[in-house]
Amino acid sequence: MNKNRLVSIVVPAFNEEEALPLFYKQLRDVLDTLPESYEIIFVNDGSSDKTGEIIEGFAAEDPAVRTIHFSRNFGHQAALSAGLQKSQGDYTISMDADGQHPPKLIPEMIRLADSGYDIILTQRIEPEGKSSFKKWSSETFYKILNKLSDTQTLPGGADFRLMNRESLNALIALPEFHRFLRGMVSWIGFRSVILPFEVPERLAGKTKYSLKKMTRLASDAVFSFSMVPLYIGLSAGALFFILALVEVIYVLSFWISGNSSNLAPGWSSLMFMMLIIGAILMIIMGFIGVYVGYIFQEVKHRPVYICRTASPDKNKEGDTSPS
Ligand code: UDP
Ligand code: MG
């Protein structure tokens, strides 16, 4: 087929000295069967082990290998972003360095992209009967996230995906600091298809996603894709306002039935003031929340829209207008 076409593989690695040699071999075995030419971009995310030396070793032997070394550990999403930015491929595939994203799926991903999809997403399926805390927490997390957010993120989605040049350029154009790439990829749109895969065991070593890192990713996902937390004040204010009305009706019922002497003196007015002030404060907080939400949207500098394709500008060539 097409030797002129370039496939880029982006691999973030943090302290993966044990898994890397095995993974690299698996990957090369698959890539060497492809008709396309390829590049492999390893991103060393501030590792403290021999990851840096190992990938430099690969690069010394293999001109297709390119490397990036971070000055410290910036995290998986940052490492992925750096690799995607550097990628020059017509198709770019991101995958983990531990073999849990099987390279043997690459030919199928390329085939699907050739059949007209812009993005090939992958979805983890756990082997039957296997239930783990990670699986449960991830399922619950995606349920909540998709309830809170307008952008729907694929449950069990992995950062193992193929993007063509157009969709990758759109992703790279999102300059936000807090990055939840799975959400961002869903936000940019384009034609995508889901490829399910069973997650194999790690080739070697332990998970590099500590609970702290997982929590940070979850919080980036919720707070950059949902405005709901900011609007909680408005709902709470409305609730207190209703409570104030109920209190008024309650007090009036005593007056109408001639039992007003049963009310403790001062209780009605004090209770009403408390509820109504609570309501006003929370509603004002809610409005501030809405403004903060708008500011937040603005500072993210996401484009207003993304075109999948647009016909070239007809006037471009003969354009004689003064510049
Ligand atoms: N990773 C990274 N920086 C980090 C943590 C992880 O680049 O701070 C890389 C890691 O080397 C691996 C990928 O991200 O290639 C996924 O991490 P891991 O396999 O530990 O996560 P898990 O599969 O356990 O969710
Ligand atoms: Mg892993």
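Residues numbered from 1 in each chain as written. Chains lettered and ligands numbered in written order. Predicted model: local features only at pLDDT ≥ 70, side-chain atom pairs only at ≥ 80, totals over all residues. Heavy atoms only, no water.

Chemist: Would you explain a nonpolar patch on the surface in this entry?
Modeler: On the surface, a nonpolar cluster with roughly 450 Å² of combined accessible area is contributed by Val 248, Leu 252, Trp 255 and Ile 256. Along the chain, Ile 256 turns up in helix H9 (residues 228-256). (Patch = residues over 30% accessible without salt bridge, like charges linked within 9 Å, V, L, I, M, F, W, Y side chains within 5 Å. Areas by Shrake-Rupley, 256 points an atom, 1.4 Å probe, with all protein chains shown as cover. Salt bridge = Lys/Arg side-chain N within 4 Å of Asp/Glu carboxyl O. Helix = DSSP H or I, 4+ residues; strand = E, 2+ residues; numbered from the N terminus.)

Chemist: Would you explain unusual backbone geometry in this entry?
Modeler: The bulk of non-glycine residues show a negative phi, and the bulk of peptide bonds are trans. One non-glycine residue, Asn 15, adopts positive backbone phi at about 50 degrees. Structurally, Asn 15 can be placed in the loop between strand E1 (6-13) and helix H1 (19-31). A residue is classified by how much of its surface remains accessible, and Asn 15, at 17% relative accessible area, is buried. Even without being a glycine, His 301 presents a positive backbone phi close to 55 degrees. (Buried < 20%, exposed > 50% of the residue type's maximum accessible area, 1.4 Å probe, protein only.)

Chemist: What is the right way to read the site of ligand 1 from this model?
Modeler: Every one of the 18 residues lining ligand 1 counts as a neighbour, but Glu 16, Asp 45, Asp 98, Thr 207 and Lys 208 are closest to it. Note that an oxygen atom of ligand 1 is positioned 2.6 Å from one of the side-chain N or O atoms of Asp 98. One of the side-chain nitrogen or oxygen atoms of Arg 202 is found 3.0 Å away from an oxygen atom of ligand 1. Here ligand 1 has 530 Å² of accessible area as a free molecule, and 92% of this is covered by the chains. (Near = heavy atom within 4 Å. Polar contact = N/O pair within 3.5 Å; in protein donor to acceptor, adjacent residues only side chain to side chain.)

Chemist: Sorry, what's going on with the packing of H1 against helix H2 (residues 51-61) here?
Modeler: Packed helix pairs are characterised by how far apart their axes lie and by the angle those axes make with each other. Look at H1 against H2: their axes get within 10 Å of each other, and the N-to-C directions meet at 30 degrees. Taken together, the axes of H1 and H2 lie roughly parallel to each other. As H1 packs across H2, the resulting crossing turns out to be right-handed. Contacts from Leu 20, Pro 21 and Tyr 24 of H1 reach H2 at Thr 51, Ile 54, Ile 55 and Phe 58. Of the residues that constitute the contact of H1 with H2, the class distribution is six nonpolar, one polar and no charged. (Axes fitted to C-alpha atoms, helices over the stretch in contact; angles between N-to-C directions. Parallel < 35°, antiparallel > 145°, perpendicular 65-115°, else oblique. Left-handed = near helix turned anticlockwise from the far one by under 90°. Contact = heavy atoms within 4.5 Å. Nonpolar A, V, L, I, M, F, W, Y, C, P; charged D, E, K, R; others polar.)

Chemist: How should I be thinking about the pattern of salt bridges in this particular structure?
Modeler: Opposite charge on two side chains allows them to pair when their charged atoms are near. All chains considered together, the criterion is met by 14 salt bridges. Between Lys 208 and Glu 16 there is a salt bridge, with the nearest N and O atoms lying 3.7 Å from each other. Note that Lys 208 is positioned in the loop between strand E7 (192-198) and helix H8 (211-225) and Glu 16 in the loop between E1 and H1, a separation of 192 residues in sequence. A residue is classified by how much of its surface remains accessible, and Glu 16, at 6% relative accessible area, is buried. Arg 302 serves as the salt-bridge partner of Glu 176, at 2.8 Å between the closest nitrogen and oxygen. You can see Glu 176 sitting in the loop between helix H6 (165-172) and helix H7 (181-188) and its partner Arg 302 sitting in the segment after helix H10 (267-299), a full 126 residues away along the chain. Note on Glu 176: relative accessible area 6%, which makes it buried. Residues participating in the shared-partner salt-bridge network are Glu 16, Asp 98, Arg 202 and Lys 208.

Chemist: Sorry, what's going on with the packing of H6 against H7 here?
Modeler: Interaxial distance between H6 and H7 falls to 10 Å at its minimum, and their mutual angle equals 120 degrees. Note that H6 runs across H7; the crossing there is right-handed. Touching Ser 167, Ala 170 and Leu 171 of H6 are Leu 181, Met 184, Val 185 and Ile 188, all from H7. When its residues are assigned to classes, the contact of H6 with H7 shows six nonpolar, one polar and no charged.

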